[in-house]
Amino acid sequence: MRLTRPLLLRQISPPLPRLLLSSLIRSPLLCLALIAVATPSSISAAPVTAAMQIPGSFISTPPDMTYFALQGDTLSSIAKRYTERTQNWQIIGKRNKISNDRAIPIGTPILIPLDLLPEEASEARVIAMTGNPAYKAVDGSSGNLALGSIVKEGTQISTDKNGFLTLALPDETRISIPSNSDVSLAKLRKTRYTGSPRTEVSLLQGKVESRVSPLSNNKGRYEVRTNLAVAGVRGTNFRVGVNTDGVANEVLEGGVAVNSAEGKKSDELILPAGKGNVVSTSGVGKPIDLLTPPVMNDSFLLQERPTLLFQVEDRPEAVGYRVQIARDKEVLDVLAENRYKENRFKFDGFADGNYFVRITAIDKLGLEGLPMIKAFKMKARPEPPFTVQPKNKVRAESLNFAWTEASNAIAYHLQVASDAGFRNLLIDKTDLKEAQFGAGRPKEGDYYWRVATIAPTNGQTDHGPYSDVQKFTVLPVTSMAPPDDAGNLLSLSWSSEPGQTFLIQVSTDAEFRKIYLSKELDKAELKIKRPDAGVYFIRVRSTDPDGYVSAFTSTQKITLLPRWTSSDGSVIQSGSGPVGTNY
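Note that the coordinates shown come from a computational prediction; the quantities given were computed from them, not determined experimentally. (Residues numbered from 1 in each chain as written. Predicted model: local features only at pLDDT ≥ 70, side-chain atom pairs only at ≥ 80, totals over all residues. Heavy atoms only, no water.)

Considering the sheet that holds strand 46 (residues 534-543)
Phase 1 of the analysis: The five strands lie next to each other as 35-47-46-43-44, forming an open sheet whose pairing is antiparallel. What marks the edges here is a single partner per strand, and that holds for strand 35 (405-406) and strand 44 (515-521).
Phase 2 of the analysis: Note that strand 35 and strand 47 (residues 556-560) share two bridges and pair antiparallel. Paired with E405 across the two strands is K557, which belongs to strand 47. (Pairing = 2+ DSSP bridges. Helix = DSSP H or I, 4+ residues; strand = E, 2+ residues; numbered from the N terminus.)

Below, the structure is given as structure tokens:
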């Protein structure tokens, strides 16, 4: 959409207090110097300390720069030297209550408004990024940005679907550009002598989030412009986004005044922290309370599967959510982000480690609410094996546990308990070298088991997360072998969620060039006729009801050894199970 009416947003700040110069006098000699400086009744003293009053020096005293006069200085010479325009002597004279252009006593503090100082080029530096953000400079050059890249005024930056970028300005202001956004650094300057920033960001598409350092100390300016609005702030954390309905403004910290281009006081709208509004072609929208931070259960703060999964409490007023994964609490170094309609969110492709998740709810106007930021740990590797047996029921005189082999495993940790919380352990084997274990038959009842992979990581032994808990029931032994999965069938199961479908692939080589089986399933279990003896490799990919497709699991390995069979091909059974080795 084409936005027209410009809008002005500025921060509301109280005036800076002035310090009494007289309170800073410490010695008789200094007293004499100050008396000499202050003698002309037409000259007012600047709020500075005596130690700074060296003739020819200057300091920043917003909203001015204070200059201490040299011998022979006049208002004209000062204006020419520091503002590059001799005629500015009248403005400087009025500011200092000096009525004519004449010689000024040495050491006199002269206030020079910061707005009169000439500007010079500044720059921004890339401090965090994801994907391949592109740039186009004013000289026509273009390419992709990298960490540490220096960006100059006039550069246009574009992020793609998986891109994210954070820039740092010299005053530590941070500009974060999320995915699918186009931003131009229309003005990137600073005042000479004081380094007061003069920054203007043009938002062409998408969104930009700004964390602006307090500018009251240097009277700097920072603006975000669209073709409808201008957001000018000092020391504020805010977001500006362009959408189909107009321009969305969201204030997280500080205060912003929204005004029409005509600057009528009656049109002014105050947006404090926690408020937002939408500016459209029909005018400035009223203040709206931003949605409060989403609520998430702490159980999601430990992620034990390769696919990250988060879920927040459902709220009817939210039409969607924005989720970001970052390395830092400030969410400047963003690794991934996405928008979701539902309150469950998934991400793939992360290594084990410590991260931060930021989640905001989006209301029906498109305003993004206040963020929930939490630290979480991902510990999904080494991935657990697929469980093979026992399944559901056991009628044998002994228990035989079996699972697939992880390619990097040096051992496995098997636990069997009489409760699903594994508080009452019957078996706790922490260093099993084989992908199977036999144990005596317990009393009849319900039991639970799980297994984890132990593998080397960075030269140390690393214990991975457990597999999903498997439940089985020990029943009375029968003299006839029941038709169970340990006979002529092979049964595998893996972790799953309701409504998922799966693609399982079985290959005779680890690279999956020689596919033995590729099958779509609607349950997290494969039951097939037992293959011939040999070594097989297995991997699984899941698809959620909303169409989200995960990456394949790590490759699992299973070794099938020969079994004794009768003339009709059925497996010969004994009281303890099938006659043969392994499974």
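Examining unusual backbone geometry
Phase 1 of the analysis: For the bond running from P62 to P63, omega is 15 degrees, close enough to zero to count as cis.
Phase 2 of the analysis: Omega for the bond connecting Q389 with P390 falls within 30 degrees of zero, at 5 degrees, which places this linkage in the cis form.
Phase 3 of the analysis: Of note, P390 is situated in the loop between strand 32 (387-389) and strand 33 (392-394).
Phase 4 of the analysis: A positive phi angle, close to 65 degrees, is found at E84, a residue other than glycine.
Phase 5 of the analysis: Locating E84 in the fold gives a position in the loop between helix 2 (75-83) and helix 3 (89-96).
Phase 6 of the analysis: Phi angles above zero are rare outside glycine, and N180 is one such case at about 55 degrees.
Phase 7 of the analysis: Among the structural elements, N180 can be located in the loop between strand 12 (174-177) and strand 13 (182-191).

Comments concerning the environment of D333
Phase 1 of the analysis: If you trace the backbone, D333 turns up in the loop between strand 27 (320-326) and strand 28 (334-340).
Phase 2 of the analysis: Exposure remark for D333: the relative accessible area of 19% places this residue in the buried category.
Phase 3 of the analysis: For D333 and T166, which are 167 residues apart along the polypeptide, the C-alpha to C-alpha distance reads 7.0 Å.
Phase 4 of the analysis: Other than its neighbours up to four places away in sequence, D333 contacts A128, M129, I325, A326, R327 and D328. (Buried < 20%, exposed > 50% of the residue type's maximum accessible area, 1.4 Å probe, protein only. Contact = heavy atoms within 4.5 Å.)

Comments concerning the pattern of salt bridges
Phase 1 of the analysis: Considering all chains together, one arrives at 39 salt bridges under this definition.
Phase 2 of the analysis: Residues R225 and E223 are paired through a salt bridge, measuring 3.1 Å at the closest nitrogen-oxygen approach.
Phase 3 of the analysis: Between E317 and R315 there is a salt bridge, and its shortest N-O distance comes to 3.2 Å.
Phase 4 of the analysis: Judged by its relative accessible area of 37%, E317 falls in the partly exposed class.
Phase 5 of the analysis: According to the relative accessible area criterion, R315 is buried, its value standing at 12%.
Phase 6 of the analysis: Via salt bridges that share partners, D115, E119, E153, K187, R189, R198 and R221 belong to a single interconnected network. (Salt bridge = Lys/Arg side-chain N within 4 Å of Asp/Glu carboxyl O.)

Comments concerning the packing of helix 2 against helix 3
Phase 1 of the analysis: At a minimum axis separation of 8 Å, helix 2 and helix 3 run at an interaxial angle of 110 degrees. Between helix 2 and helix 3, the interaxial angle falls into the category roughly perpendicular. The way helix 2 lies across helix 3 gives a crossing that is right-handed. Note on element contacts: helix 3 touches helix 2 through W89, I92 and G93, opposite L75, S76, A79 and T83.
Phase 2 of the analysis: For the contact of helix 2 with helix 3, a count of residues per class yields four nonpolar, three polar and no charged. (Axes fitted to C-alpha atoms, helices over the stretch in contact; angles between N-to-C directions. Parallel < 35°, antiparallel > 145°, perpendicular 65-115°, else oblique. Left-handed = near helix turned anticlockwise from the far one by under 90°. Nonpolar A, V, L, I, M, F, W, Y, C, P; charged D, E, K, R; others polar.)

Section: the packing of aromatic side chains
Phase 1 of the analysis: Taken as a whole, this structure holds 19 aromatic pairs when the rule is applied.
Phase 2 of the analysis: Between Y67 and Y82, the ring centres sit 5.0 Å apart and the planes meet at 50 degrees, which makes this aromatic pair tilted. In this pair, Y67 is assigned in strand 3 (residues 64-68) and Y82 in helix 2, connecting sequence segments 15 residues apart. The pair Y67 / Y82 is uniform in exposure class, with both members buried.
Phase 3 of the analysis: Aromatic side chains F310 and F376 sit 5.0 Å apart centroid to centroid with 75 degrees between the ring planes, which places their arrangement in the edge-to-face category. Of this pair, F310 sits in strand 26 (residues 308-311) while F376 sits in strand 31 (residues 372-378), and the two are 66 residues apart along the sequence. F376 matches F310 in its accessibility class, with the two residues each being buried.
Phase 4 of the analysis: Through a chain of ring-to-ring contacts, three or more aromatic side chains come together here, namely F401, W403, Y412, Y447, W449 and F472.
Phase 5 of the analysis: Looking at R450, its charged tip hangs above the ring of Y466, at a distance of 4.0 Å from the centre. (Phe/Tyr/Trp six-rings, centres within 6.5 Å; stacked < 30°, edge-to-face > 60°. Lys NZ or Arg CZ within 6 Å of the ring centre and 35° of its normal.)

What about the pairing of strand 34 (residues 398-403)?
Phase 1 of the analysis: The pairing of strand 32 with strand 34 spans two bridges and is antiparallel. If you follow T387 over to strand 34, its bridge partner there is W403.
Phase 2 of the analysis: As paired elements, strand 34 and strand 38 (residues 436-440) share five bridges and run antiparallel to each other. Residue pairing across strands places A402 opposite Q436, the latter belonging to strand 38.

Comments concerning the nonpolar core
Phase 1 of the analysis: Core analysis: the biggest nonpolar cluster contains 31 residues, and L165, L167, I175, Y222, V224, F238 and V240 have the highest contact counts within it.
Phase 2 of the analysis: Elements supplying a minimum of two residues to this core: strand 6 (124-130), strand 11 (164-168), strand 12, strand 13, strand 14 (197-205), strand 16 (221-225), strand 18 (237-243) and strand 19 (246-253).
Phase 3 of the analysis: Aside from chain neighbours lying at most four places away, what touches V240 is L203, G206, K207, V208, V224, T226, A231, V247, A248 and N249.
Phase 4 of the analysis: M296, V312, A318 and I359 belong to the second largest nonpolar core, which has 25 residues in total. (Core = buried A, V, L, I, M, F, W, Y, C linked by side-chain atoms within 4.5 Å.)

Regarding the side chain of D64
Phase 1 of the analysis: Structurally, the position occupied by D64 is in strand 3.
Phase 2 of the analysis: Among the polar contacts made by the side chain of D64, one reaches the side chain of R95 at a distance of 2.6 Å. (Polar contact = N/O pair within 3.5 Å; in protein donor to acceptor, adjacent residues only side chain to side chain.)

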